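Each chain, letter by letter, is given below.
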Amino acid sequence: MPSPLLLIDASNWLFRAFHALPPLTNAQGEPTGAIYGFANMLRRLDREIDARRIAVVFDDSGRSFRNDWYPQYKANRSETPAELQAQFEPILELIQALGYPLLKIPGVEADDVIGTLARQAEAAGDEVLIVTGDKDMAQLVGPRVHLLDTMRNRRLDPDGVREKFGVPPERIVDYLTLMGDSVDNIPGVPGVGEKTAARLIQEHGSLDGVVAAAPTIKGKLGENLRAALPQLPLSRRLATIHCEVALPVTPAALLRHPPQPEALLALYRRLGFHRWAEEMAGGAREPAPPAPPPAPAAAGAGPAPPSASASPRTQARLVLDESALAELVAALKAAPLISFDTETDGLDANQCRLVGFAFAVREGEGWYVPVGHDYLGAPAQLPLATVVAAVGPLLEDPQRPKLAQHGKFDCNVLVRHGIRVQGLAYDTMLESYVLDAASGRHDMDTLAEKHLGHTTIKFEDVAGKGKAQIGFNQVSLERAAEYSAEDADITLRLHQALYPRLSAVPALREVFDTLEMPLVPVLAAIEQTGVRVDAERLRSLSRELAEGMERLQAEAFQAAGGEFNLGSPKQLAEILYQRLGLPVLGRTPKGDPSTAEEVIEQLAAEHALPRLILDWRGLSKLRSTYAEQLPQAINPRTGRIHTSYHQAVAATGRLSSSDPNLQNIPVRTAEGRRIRQAFVAEPGHQLCSIDYSQIELRLMAHFSGDERLQRAFREGLDIHQATAAEVFGLALEAVGPEQRRAAKAINFGLIYGISAFGLARNLGIGRNEAQETIDRFFARYPGVRAFMDGTRERARRDGYVETLFGRRLYLPQINARNPAQRQYAERTAINAPLQGTAADLIKRAMIELQAWLASAQPAIRMILQVHDELVFEGPAEALREWAPRLAARMCAVRRLAVPLVADYGFGQDWDSAHQAVGHARSEDSAAQL
């Protein structure tokens, strides 16, 4: 449509932007995510549509005339989050600085303003494009009025409305009336969703036709419809967009004004949108989102400094001959710190090919040494062997400090090409992570934007996007040099910005120096070693799981009274809530009945189908995620699987793994254990699993100082049995299975901030009984209550909590006005010191055990880390001799107020090795060592 009148449903856009993006902030800690998302959509719209007449329309914050008709209108809506409220004024400033007409009419909703303007423009023969994701607006669609959903990039004309909703635009009000709207609190017909509403209108022509046919409609639907008849006229009135409201402007007056450059530039800088500011100053790149939020200011460590002005571009030096290589080597030898990076033709460090090296030793310049660019016409490059011989000794010299961004990847790449890196002293990814783990991404592009105000060259800028993307070996040398030299240079600049702040907090510096950096070569060695997997055993299991899924599907069809797609949430919701009439126990963010696992779990008590769905989902996940995928992940060169461990992901300090993820293989189901049975030892070897026992509960006893809890652990009692005896006033030997199960739910639930409601649901008891149980627990363990209260109070005061080793987790929402956000932060404050200390303990154990084995028993290799468990592989005789000593050393890494205990076992596969045959206690570790 040439130059339509463009009407933007700003309130709808704003909420979608707020929920679509992470909680971004500027350098001052002010929220900016919704502003960025909103502005980005405006910019995109401006590029794609030539609209000279336009209006950005907001809802008025007060009551509307619909509240006069129905006082409960929108009564269900929760208060606007404070983080979003804080962004309203900057958004209004930004819209006006961009030159867009802004409409916010007192007492009138945006829908009615848009509807009135659309009808006026339509009557004048104009085309109208309404930008919204709100289905209510579909009633306005006509030959000259269309909808545009920018989130889904979909445009709806009358045929599109009919295709999407099953009814034409003139019947959308009828459709909405039958369904009602839980968000706006418009009453509808219970049990009538999208499909049923469309079907009723298709069968009877209109709402009036449905009302007339109500006496003849059978079953529960007919009963609900007849009961709802008195309220339908009001619902129809509430759902109708009113297109004749009095407005201070006409469509002809909605002309866009020229932008205000000075005001825009000031806003971009204030909000931290550095790339847009660069663009206004003459740059040409597309904007990137601002950095995720910094943590709140806290004593000793300001998690984020003010944004720096844009830093200069890197001067790239391309090394193509031995003279240039000699000059580079001389610069590296003279440098106090070498920043290095590798370029490869893939992301799998154990299979990709090395394409080039990048180095930097002073700010503003970098070298690129290509060794594998093989596109047609590529200039001659130095042989890989020549470059390895020149720079390898420097990278392998432990006395020469090195710096990298995510250096573990580079170490894994280089070791396969003849260089075993030593002396890796700094990693900017880990510097950022230790400073503020929860601040968002720690990749170089994000950190450069956040800490340097610098927009880096992206991989897509030099290699393209999507199907057209080429490998780095196909990138021209000039572009590759510009990109790669900048990587090494920016890493150096980031180190100069981050490390002084890290060093200003001794505890964080200690975490970085003694845990995170020493762990890098340990994880690199584990990844290089990999683990053997029996592919044929997995293929056999996949066939069995498929058969099990077919059986469950047949049972589900029988329970549902017909066939449906078990993997479709929409079809499942229709079966559960419309066909079977089960209660709606939860809703999606859009207000639809939920089919999430926790909801289906609750419904399993009401009907057989939900349990069948859960069992089918469990088998489906095991089959698709493990039985099918693991054989494909076997490295053809080594015949083993090489997972990647990530240090800078989990905010608590725990490691995670990917490609494949080995952290989430179920251990409590027979099928999950069969996945572990496929992880096997090499012929002539065995596996040994060593697992910290109840580590987080032991840490709770240590942190809380509770005398009864500590005594139970020191005496080696079954902690759940002991808790049951305390809580229920029983002798230890009188505790039955049900009491122990309840105590276990309390023990582990409290670590994760379980409520009386959650405990009641887990145990199948009343909420009052659950609260009484929790109260009895705290009465018997007052130290635990004191620890939890004190931790929350310190978190509110300091803005962070700490592990036993000094690792910090910042909690920016701990004093939020939004209750849900504040309560989540409070639960995190309790759990983070426990889970984080557990993570620190096993990291320390990995570092010590790796060094010990390398010097004393290199035949035994550490091959897996999963939560609180380490898995080793080696000759059976050596493993049986060394397992008690390895477990004892794990228990000796830190002295606690209660014993650390590590269980160990052996076997030809991971599952059998996980069955404990012995254990070590920290009190006995000296003798075993």
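Here we summarise the structure given alongside this text.

## Focus on the state of the cysteines
One pass over the full model with this rule turns up zero disulfides. There is no disulfide at Cys891, and the cysteine sulfur nearest it, in Cys688, is 13 Å away.

## Some points on the packing of helix α29 (residues 707–714) against helix α30 (residues 719–728)
It is the contact of α29 with α30, at a shortest axis distance of 10 Å, that shows an interaxial angle of 140°. Regarding the angle of α29 to α30, the classification is oblique. Judged by the twist between their axes, the crossing of α29 over α30 is right-handed. On α30, the residues that touch Arg708, Leu709, Ala712 and Phe713 of α29 are Ile719, Ala722 and Glu726.

## Thoughts on the packing of helix α19 (residues 444–452) against helix α21 (residues 477–503)
The interhelical angle for the contact between α19 and α21, taken along N-to-C directions, is 55°, at an axis separation of 10 Å. As far as their axial angle goes, α21 and α19 are oblique. When you trace α19 past α21, the crossing you get is left-handed. On α21, the residues that touch Met444, Leu447, Ala448, His451 and Leu452 of α19 are Asp487, Ile490, Thr491, Arg493, Leu494, Ala497, Leu498 and Arg501. Broken down by class, the residue content of the contact of α19 with α21 amounts to eight nonpolar, two polar and three charged.

## What about the sheet that holds strand β18 (residues 685–692)?
Sheet architecture is open: five strands sit in the order β21-β22-β18-β23-β24, paired in antiparallel fashion. Looking along the sheet, the strands with just one partner apiece sit at the ends: β21 (861–866) and β24 (918–921). Between one strand axis and the next, the sheet turns by 25° as a mean value, whatever way the strands run. Two strands pair when backbone bridges link them, and strand β23 (residues 901–907) and β24 are joined in this way by four bridges, in the antiparallel orientation. Bridging from a neighbouring strand, Tyr904 pairs with Gly918 of β24. Helix-sheet contacts for helix α36 (residues 876–891) involve β18, β22 (869–875), β23 and β24, and the interaxial angle to β18 is about 15°.

## Quick word on the pairing of β18
Residues in a regular strand point their side chains to alternate faces of the sheet. Counted residue by residue, β18 has six buried out of eight residues, so it is predominantly covered. Bridging between β18 and β22 involves seven bridges; their strand directions are antiparallel. Paired with Ile690 across the strands is Leu870, a residue of β22. Of the strand pairs in this sheet, β18 and β23 are connected by six bridges, and their pairing is antiparallel. Note on β23: the bridge partner recorded for Tyr692 is Ala902.

## Considerations on unusual backbone geometry
Each neighbour pair has its own omega, and for Asp659 with Pro660 the value is -5°, a cis peptide bond. Within the secondary structure, Pro660 sits in the loop between β16 (656–658) and α27 (670–677). Positive phi, normally seen in glycine, also occurs at Asp659, with a value near 55°. Structurally, the position occupied by Asp659 is in the loop between β16 and α27. You will see that Gln694, though not glycine, has its phi angle at about 50°, which is positive. Position of Gln694 relative to the elements: it lies in the loop between β18 and α28 (695–704).

## Comments concerning the side chain of Glu343
Considering the arrangement of structural elements, one finds Glu343 in strand β8 (residues 338–344). Nearest to the buried, unbridged Glu343 among oppositely charged side chains is Arg353, at 12 Å. Setting aside its immediate chain neighbours within four residues, Glu343 contacts Arg353, Leu354, Val355, Gly356, Tyr368, Phe472, Tyr483, Ser484 and Asp487.

## Considerations on α28
Taken across its 10 residues, α28 has eight buried, putting it largely inside the fold. Within the sequence span of α28, burial applies to Ile695, Glu696, Leu697, Arg698, Leu699, Met700, Ala701 and Ser704. One or two residues past the end of α28 sits Gly705, with phi positive at roughly 70°.

## Examining the sheet that holds strand β10 (residues 365–370)
In a beta sheet, neighbouring strands pair by backbone hydrogen bonds and run either parallel or antiparallel. Taken in spatial order, the six strands make up an open sheet running β7-β10-β9-β8-β11-β12, and their pairing is mixed. Every interior strand has two partners, whereas the edge strands, β7 (315–318) and β12 (424–427), have only one. Direction aside, the axes of adjacent strands within the sheet are offset by 30° on average. Of the strand pairs in this sheet, β7 and β10 are connected by four bridges, and their pairing is parallel. The residue bridging Leu318 from the neighbouring strand is Tyr368, located in β10. In the packing of helix α15 (residues 322–334) onto the sheet, the strands contacted are β7, β8, β9 (354–360) and β10, and the crossing angle to β10 comes to about 130°.

## Structural notes on the environment of Val866
On the secondary structure map, Val866 appears in strand β21. Residue Val866 is classed as buried on the basis of its relative accessible area, which comes to 5%. Taking the C-alpha atoms as reference points, Val866 and Leu886, 20 residues apart in sequence, are found 16 Å from one another. Dropping the residues within four chain positions of it, Val866 is found in contact with Leu662, Gln663, Arg676 and Trp910.

## Observations concerning the packing of aromatic side chains
On inspection of all chains with the given rule, the structure shows 24 aromatic pairs. Ring geometry for Phe38 versus Phe58: centroids 6.1 Å apart, planes at 15°, classification stacked. Remark: Phe58 occurs in the loop between β2 (53–57) and α3 (65–69) and Phe38 occurs in helix α2 (residues 33–48); sequence separation between them is 20 residues. Given a relative accessible area of 7%, Phe58 falls into the buried group. Note on Tyr800 and Tyr810: the rings are 5.4 Å apart at their centroids and 65° apart in plane angle, and the pair reads as edge-to-face. Residue Tyr800 is located in strand β19 (residues 800–802), and its partner Tyr810 is located in strand β20 (residues 808–810); the two are separated by 10 residues in the primary sequence. One aromatic cluster is present, formed by Tyr36, Tyr268, Phe273 and Trp276 through successive ring pairs. Looking at Arg237, its charged tip hangs above the ring of Trp69, at a distance of 3.8 Å from the centre.

Criteria and thresholds
Residues numbered from 1 in each chain as written. Predicted model: local features only at pLDDT ≥ 70, side-chain atom pairs only at ≥ 80, totals over all residues. Heavy atoms only, no water. Disulfide = S-S within 2.5 Å. Axes fitted to C-alpha atoms, helices over the stretch in contact; angles between N-to-C directions. Helix = DSSP H or I, 4+ residues; strand = E, 2+ residues; numbered from the N terminus. Parallel < 35°, antiparallel > 145°, perpendicular 65-115°, else oblique. Left-handed = near helix turned anticlockwise from the far one by under 90°. Contact = heavy atoms within 4.5 Å. Nonpolar A, V, L, I, M, F, W, Y, C, P; charged D, E, K, R; others polar. Pairing = 2+ DSSP bridges. Buried < 20%, exposed > 50% of the residue type's maximum accessible area, 1.4 Å probe, protein only. Lys, Arg positive; Asp, Glu negative; His and termini not counted. Salt bridge = Lys/Arg side-chain N within 4 Å of Asp/Glu carboxyl O. Phe/Tyr/Trp six-rings, centres within 6.5 Å; stacked < 30°, edge-to-face > 60°. Lys NZ or Arg CZ within 6 Å of the ring centre and 35° of its normal.

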